[in-house]
Amino acid sequence: MKDKQVKKLAMTVLAWLVAGAVFFPIFWMLLTAFKSEIDAVSVPPKLFFAPTLENYVAVSQRADYFKFAWNSVAISLGSTILGLLLAIPAAYAMSFFPSPRTKDTLLWMLSTKMMPAVGVLVPIYILFRDSGLLDTRSGLIILYTLSNLPIVVWMLYSFFKELPKEILEAARMDGAGPFEQMLLLIMPLSAPGIASTALLSIILCWNEAFWSLNLSAAKAAPLTAYIASFSSPEGLFWAKLSAASTLAVVPILIFGWLTQKQLVRGLTFGAVK
Amino acid sequence: MASQAVTPPLAGGGRAVRTLPLVGPSVGVLLVWMIVPLAMTLWFSLQRYNLLSPAEKVFSGLENYKFLLTDPSLFTAMGHTLQLVGAVLVLSVVLGTLFAILFDQDFYGQGVARLFVIAPFFVMPTVSALIWKNLLMHPENGLFAFITSSLGLGVIDWFTNYPLTAIIIVVAWQWVPFATLILLTAIQSLSGEQVEAARMDGAKPLSMFWFIILPHLLRPITVVVMIETIFLLTVFAEILVTTSGGPGDATTTLTYLIYLRALVEWDVGGASAGGVIAIVLANIVAFFLVRTVARNLDT
């Protein structure tokens, strides 16, 4: 019994050292966000200082911050809703009415995810330029929806597969058509699964930083691009960078924490449960 | 997929419901998404076409490929890509496995510690790159410089002297937590009975690791390697906001090289030829990933 206690204590120390080290950059960012610009760059670095909210005030007073934040919200939500609208019927059909082609369809969808974005950068740029989609929210919504659709379908498919088939059978006896089954039965029953799928989609859209950096500028740029603008070498605005980063990261971090268990399915295409 | 000539039908059996209108929209948009840009990339890669002088667009056959494949910068960039992907994969697998085992142990505050260790995966790439570059790795005001110099070790100017290593550290910081999350989930599915039985038989922790845990993790590790490869091949933001591919071309990867050709030099033909090479590379990995997932779908 004593031995077990000692082992548990040792494990606690070791695990917390690792967890602390991995989390440290985020902790340091959170801390720096409450420093004045002078404290933020001071040598030696200050662990104790007079905390200030001036960075948050400064960041929020730059009216364009809210424009970038709104772009992030609108693009993530827009793409997630569009993705669910496309994916729910497909996942429903494939999990409840599988045909001999279903497996091939699923694998083919997965294979479209393998196309490296940079491989099609040129055509997408030219298509966007010619159709006026450059630097628009709709353009990014379309791209994000397409690139996340395979993950969304797979994740929903794995949740729908878990519902007992008999329920559907009973509903069909009562004369419910496919859309009634989907709306009144499947969606309420797998609401937690749909919610985690939506959260994963939001996380992926929010953090996407290839298309947003290349295809958006002043008008439609989301927070990823706004943060990138802090990379200019003139002046050290570390406290403001940290405050802006904190605002951009914290909501998504919470989403990630809430759904970590279910995310594994989506991120590994059901290969790890 | 061609490797499986006969696909056994999944259980259930479809009847009485027309599934085409349900599956059709998703398949349709993905089909367009796959074919149109790919065909355009292939077509552009055969043209001499620069957006700065679009009037001079002519068909040039394989000239872009010839130029690219005789250009040493392509191979330098592919070398950097290989180092970046390779190093991050090794770190992910080794640390991911160790962390997964560690965080599977019984200890105080397990739940919260797990949240801490997976957190970096949810931080957007531009934020992690700039936090590391400035707050931590800055040669004058950064925290690391303070720590190393107060230990009398001098100061390392990471992004100037070891730029690729610095980027590897930043990218690994984002992806080791991903590996940890996946492998931790996988370890938890290891049956308690099997572990208990091995312990009863007097298995030492090390042989437990080699003969029980590692074999169980083999497939999840393969999945982690393949998925990370797909994402790591296109690492972009971390390079753009820290080194912009420099100093010189020290951190120019294949993805960054294509970006430079496309949106800095506006060389549509050259960038497309590079894009085709990237697609071929990614598809080699993808082939194996799809096969692993397919095997999993059967069981």
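1. Structural notes on the overall build of chain A
Broken down by element type, chain A carries 13 helices and zero strands. Ordered by position in the sequence, the α and β elements of chain A form the string α-α-α-α-α-α-α-α-α-α-α-α-α. For chain A, the spread of C-alpha atoms along the three principal axes comes to 70 × 70 × 35 Å. Buried residues in chain A amount to 52% of all 273 residues. Summarising the internal contacts of chain A: among those between residues at least 6 apart in sequence, 80% fall at separations of at least 24.

2. Brief notes about the overall build of chain B
Along chain B, the regular secondary structure elements total 13 helices and two strands. Considering chain B as a whole, with its 299 residues, one finds that 43% of them fall into the buried category. Taking contacts inside chain B between residues at least 6 apart in sequence as the whole, the part at least 24 apart equals 71%.

3. So, the environment of Val195 of chain B
All names here are of chain B. Within the secondary structure, Val195 sits in helix H9 (residues 192-200). Put simply, Val195 and Met208 are 13 residues apart on the chain and 8.0 Å apart in space, counted from C-alpha to C-alpha. Once residues lying within four places of it in the same chain are set aside, the contact partners of Val195 are Leu190 and Ile212.

4. A look at the environment of Thr185 of chain B
When you line up the elements, Thr185 of chain B lands in helix H8 (residues 163-188). Taking the number of C-beta atoms within 10 Å as the measure of exposure, Thr185 of chain B has 20 and is therefore buried. When the C-alpha positions of Thr185 of chain B and Ala100 of chain B are compared, they lie 8.3 Å apart, and in sequence the two are 85 residues distant. Setting aside its immediate chain neighbours within four residues, Thr185 of chain B contacts Val264 and Val272 of chain A.

5. A look at the environment of Ile35 of chain B
Residues and elements named next belong to chain B. As for its placement among the helices and strands, Ile35 is situated in helix H1 (residues 20-44). On the basis of neighbour counts, which here come to 11 C-beta atoms within 10 Å, the residue Ile35 falls in the exposed class. Ile35 sits 114 residues away from Ser149 along the chain, and the two C-alpha atoms are 55 Å apart.

6. What about the nonpolar core?
Counting residues in each nonpolar core, the largest one holds 176 residues, and the members touching the most others are Ala87, Ala91, Leu121, Val153, Leu156 and Ile227 of chain A together with Val171 of chain B. Setting aside residues up to four positions removed in sequence, Ala87 of chain A forms contacts with Leu149, Val152, Val153 and Leu156 of chain A together with Ser26 of chain B.

7. Side note on the interface of chain A and chain B
On the chain B side, the residues contacting the 89 residues of chain A number 90 residues. With 15 residues, the top contributor of residues to the side of chain A that touches chain B is helix H1 (residues 2-32) of chain A. Here the residues of the side of chain A that touches chain B are counted per class, giving 67 nonpolar, 17 polar and five charged.

8. Structural notes on the confidence of the model for chain B
All names here are of chain B. Considering every residue of chain B, the mean pLDDT works out to 86; 93% of them sit at 70 or more. Confidence over residues 1-15 falls short of pLDDT 50; this stretch has 19 contacts with residues more than four positions distant or in other chains. Scored as a whole, the predicted complex attains pTM 0.88, and scored at its interfaces, ipTM 0.88.

9. Some remarks on the packing of helix H6 (residues 121-130) of chain A against helix H12 (residues 254-264) of chain B
Put simply, H6 of chain A and H12 of chain B touch, their axes get as near as 10 Å, and they point 30 degrees apart. Relative to H12 of chain B, the element H6 of chain A lies roughly parallel. Handedness of the H6 of chain A/H12 of chain B crossing: right-handed. Of the residues in H12 of chain B, those in contact with Leu121, Val122 and Tyr125 of chain A of H6 of chain A are Ile258, Tyr259 and Ala262 of chain B. Taken together, the residues that form the contact of H6 of chain A with H12 of chain B break down as six nonpolar, no polar and no charged.

10. Focus on the packing of H1 of chain A against helix H5 (residues 125-136) of chain B
Where H1 of chain A contacts H5 of chain B, the two axes come as close as 11 Å, and the packing angle between them is 70 degrees. As summarised for this structure, H1 of chain A and H5 of chain B are arranged roughly perpendicular, according to the angle between their axes. For the pair formed by H1 of chain A and H5 of chain B, the contact residues are Pro25, Trp28, Met29 and Thr32 of chain A on the first element and Ile131, Trp132, Leu135 and Leu136 of chain B on the second.

Here is what the cut-offs are and how they apply
Residues numbered from 1 in each chain as written. Chains lettered and ligands numbered in written order. Predicted model: local features only at pLDDT ≥ 70, side-chain atom pairs only at ≥ 80, totals over all residues. Helix = DSSP H or I, 4+ residues; strand = E, 2+ residues; numbered from the N terminus. Buried ≥ 20, exposed ≤ 12 C-beta atoms within 10 Å, placed from the backbone. Contact = placed C-beta atoms within 7 Å. Core = buried A, V, L, I, M, F, W, Y, C linked by C-beta atoms within 7 Å. Nonpolar A, V, L, I, M, F, W, Y, C, P; charged D, E, K, R; others polar. pLDDT = per-residue confidence, 0-100. Axes fitted to C-alpha atoms, helices over the stretch in contact; angles between N-to-C directions. Parallel < 35°, antiparallel > 145°, perpendicular 65-115°, else oblique. Left-handed = near helix turned anticlockwise from the far one by under 90°.

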